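Close look at the chain arrangement
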Amino acid sequence: MLLSKRLSPTHGLVVLSLLINFSLWGQDSSIPKSTPIPRTNTSDDIEKDSAIVAIENEIDTFLKAGESTKALYTLIKLTEEYGHRGNYSKSYETAWKALSIADTNDNEVVKSHIYRRLGAMYSFSKRKDEAIKYLRLSRDIIKGLVEKGKMKEEYLLNNYYTFVYTYRGLNEPELAKKYLDSCYIYYSDKQNEVALPYIKFEEAYVLREDKKYDEAERILIEIEPWFQENAPSYLVLVYAYWAVIYKNTGQLKKATDYYKKAIAISDQYKSHMDFTPYIHEKLAEIYRLMGNYKDGYTHLNKAKALTGKFFDGRSKNNISLMEIKNEYRLEKERQQEIIRQQRMETLEQQDKILMLQRIILASSLIFVIIIGFVYVKHIRSKHRAEKRLLEKTKALEMQKANELLETKNKELAASTLQLVEKEEFLKKLKNELQGEDGSVKISEINRVLKSISAGNANNWEEFKLRFTDVNKDFYEKLNSTYPNLSQTDQKICALIKLNLSSKDMARLLGISTKSIHTTRHRLRKKMGLQRSDNLEELIASL
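Since this is a predicted model, take the numbers as computed values, not measurements.

Analysis parameters
- Residues numbered from 1 in each chain as written.
- Predicted model: local features only at pLDDT ≥ 70, side-chain atom pairs only at ≥ 80, totals over all residues.
- Heavy atoms only, no water.
- Helix = DSSP H or I, 4+ residues; strand = E, 2+ residues; numbered from the N terminus.
- Buried < 20%, exposed > 50% of the residue type's maximum accessible area, 1.4 Å probe, protein only.
- Contact = heavy atoms within 4.5 Å.
- Patch = residues over 30% accessible without salt bridge, like charges linked within 9 Å, V, L, I, M, F, W, Y side chains within 5 Å.
- Areas by Shrake-Rupley, 256 points an atom, 1.4 Å probe, with all protein chains shown as cover.
- Salt bridge = Lys/Arg side-chain N within 4 Å of Asp/Glu carboxyl O.
- Lys, Arg positive; Asp, Glu negative; His and termini not counted.
- Charge placed at Lys NZ, Arg CZ, Asp CG, Glu CD.
- Core = buried A, V, L, I, M, F, W, Y, C linked by side-chain atoms within 4.5 Å.
- Axes fitted to C-alpha atoms, helices over the stretch in contact; angles between N-to-C directions.
- Parallel < 35°, antiparallel > 145°, perpendicular 65-115°, else oblique.
- Left-handed = near helix turned anticlockwise from the far one by under 90°.
- Nonpolar A, V, L, I, M, F, W, Y, C, P; charged D, E, K, R; others polar.
- Phe/Tyr/Trp six-rings, centres within 6.5 Å; stacked < 30°, edge-to-face > 60°.

1. Examining the side chain of T79
- Its location among the elements puts T79 in helix α3 (residues 68-84).
- Residue classification places T79 among the buried positions, given a relative accessible area of 1%.
- Non-local contacts of T79, meaning those with residues more than four positions away in its chain, are made with S91, T94, A95, R117 and M121.

Laid out in structure tokens, this is it:
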């Protein structure tokens, strides 16, 4: 199912044919690590010049219509077309032009595509640090979008796949293997930017570098039908890598056949033409090993001619590439320098304004602090004076209240004594009435006795009213603190509050002194007092 998946039109945005390692041409152990661009057999591949003209016209149309995003994707396509023709200077220049437009466009995804392409171009010229810098910029953009939830994580596959073929081009199979593992982690058949056979092709390269030739060939056999159906032009690289396996295992005839198949595919589809010089050179080397010097010489001459055409620094296609200069990059650098200087001037001006603002703010703050300090000091002085006056007023009021309370208590005590004397008188009268002979009528005696008892009760009620008037909160506090006290207990507490003796209490209540002592004892128990607790002090505090 995976091998039957069609190649997405955008796949050309992530692969390049610019990573040929020419420094290894004279070695037998490896081939140049070319970065493939999957291509199909279309009329545009045959009519090369008209294809470029058509793309350039399409770019102009998009720019005039203000559709910068479409123009950027078309510029990337143009970069690919120049790369296929070996015109690396134009390819490089077009990529920088796309980046200059992307700086004014908010589309981060398209900028990620451009960074990936620039990274691949720098790796072609063996500028590893620059290449990895731009590849990481591209990856970080997509990572940021994934973290924000704007893209799914499988879209990171595109970036890790770019790292794989870049490290392959830099002849670093261990790093290529590391990123290959990431490709398999993020691969999903739901995304259509990198088909599984391209990843498997990179796996075959890693296995070949580990000298696992049987496993590498098994993978190439597996993916060959898919490329024949979906991207036949890519077989230029597949057959060239396959030929290396046969050469390294001593099968020179098979190696020759597969190199020839790679050349035939390149001629048929006009694809990966920049890769053919290496193939001719390797064919010349195999013919030399087989003793066929004539064919070897023929292919060596072809390799030399094609190398001069595509890669010689004297070629008009590559002079500007060797200088690594173009008007868009230089203009961008000039603009950035102007912007940097303007920012520096703005920052200096802002620093001066900020310093002045800080001085004014500090002065204002100091002034406000001084005013605040003086005001707070004044308020405190005023508050202290008012507090002293209030305390003095409260003290006078308390003194007057105490004096009034003392006066009323004295009046109450005097009234109480009067009641005591009255009680004694009535008691004496009662005794006298009971002790006389029958000259007094019994009914009269009973009437006097009843009036005396009623007067006794009325006297207590009169006392209670006067006591409550003087000590308004006493009964309320007493009942809330000791709710289980009886009426007699409350009377005793009121008399204790007036500092009356037990004898006076007995005379007032008309009971014996012993009964008073008994009532006091029970009262202490109800209040839960200990021997050391003073009943008089407790009641006086209420």
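Having seen the model, we can carry on.
2. Some details on a positive patch on the surface
- On the surface, a cluster of positive charge is made up of K377, R380, R384, R388 and K392.
- By the element assignment, K377 lies in helix α16 (residues 327-435).
- Classification of K377 by relative accessible area gives exposed; the value is 53%.

3. Thoughts on the nonpolar core
- One finds Y198, F227, Y234, Y259 and I279 to be the most contacted residues of the largest nonpolar core, which totals 87 residues.
- For this core, the element with the most residues is helix α11 (residues 235-248), which contributes 12 residues.
- Of all hydrophobic cores here, the second largest spans 28 residues; its members include F474, I492, A506 and L509.

4. Concerning the packing of helix α6 (residues 128-147) against helix α7 (residues 157-169)
- Their axes nearest at 9 Å, the elements α6 and α7 cross at an angle of 165 degrees. Here α6 is positioned roughly antiparallel relative to α7, judged by the angle of their axes. Once α6 is placed against α7, the crossing between them reads as left-handed. Along its contact with α6, which presents K128, I132, L135, R136, S138, R139, I142 and K143, the element α7 presents N159, Y160, T162, F163, T166 and Y167.
- The residue inventory of the contact of α6 with α7, partitioned by class, reads 6 nonpolar, 4 polar and 4 charged.

5. Considering a nonpolar patch on the surface
- A contiguous nonpolar patch, built from I366, I370, F373 and V374 and spanning about 420 Å² of accessible area, is present on the exposed surface.
- Tracing the backbone shows I366 in helix α16.

6. Quick notes on the pattern of salt bridges
- This model, assessed by the stated rule, comprises 13 salt bridges.
- R139 is the partner of D140 in a salt bridge, and the nearest nitrogen-oxygen pair spans 3.5 Å.
- The salt bridge partner of D257 is K253, with a shortest N-O separation of 3.1 Å. One end of the pair is D257 and the other is K253, both in helix α12 (residues 252-269) and 4 residues apart, which spans about a single turn.
- Looking at D257, the relative accessible area reads 31%, which means it is partly exposed.
- Here K253 falls in the exposed class, since its relative accessible area comes to 53%.
- The structure contains a network of salt bridges with shared partners spanning K247, K282 and E285.

7. A closer look at helix α19 (residues 487-497)
- Within the span of α19, buried status applies to D489, Q490, I492, C493, A494, L495 and I496.
- At the C-terminal side of α19, N499 shows a positive phi close to 60 degrees.

8. Some details on the side chain of H299
- Considering the arrangement of structural elements, one finds H299 in helix α14 (residues 293-310).
- If near-sequence neighbours (up to four positions away) are discounted, H299 is found in contact with H280, L283, A284 and Y287.

9. Section: the packing of aromatic side chains
- Scanning the entire structure with this criterion turns up 23 aromatic pairs.
- Here F201 and Y241 contribute two aromatic rings whose centre-to-centre distance is 5.0 Å and whose plane-to-plane angle is 70 degrees, an arrangement assigned as edge-to-face. Highlighted residues: F201 in helix α9 (residues 196-209) and Y241 in helix α11, separated in sequence by 40 residues.
- Residue class for F201 comes out buried when judged on its relative accessible area of 1%.
- One aromatic cluster is present, built from ring pairs that chain together Y198, F201, Y205, W226, F227, Y234 and Y241.

10. Describing the packing of helix α18 (residues 474-481) against α19
- Two numbers describe how α18 lies on α19: the axes approach to 12 Å, and their chain directions differ by 130 degrees. Considering the angle they form, α18 stands oblique to α19. Crossing angle aside, the handedness with which α18 passes α19 is right-handed. In this structure, α18 uses F474, Y475, L478 and N479 to contact α19, whose residues at the interface are Q490, C493, A494 and K497.

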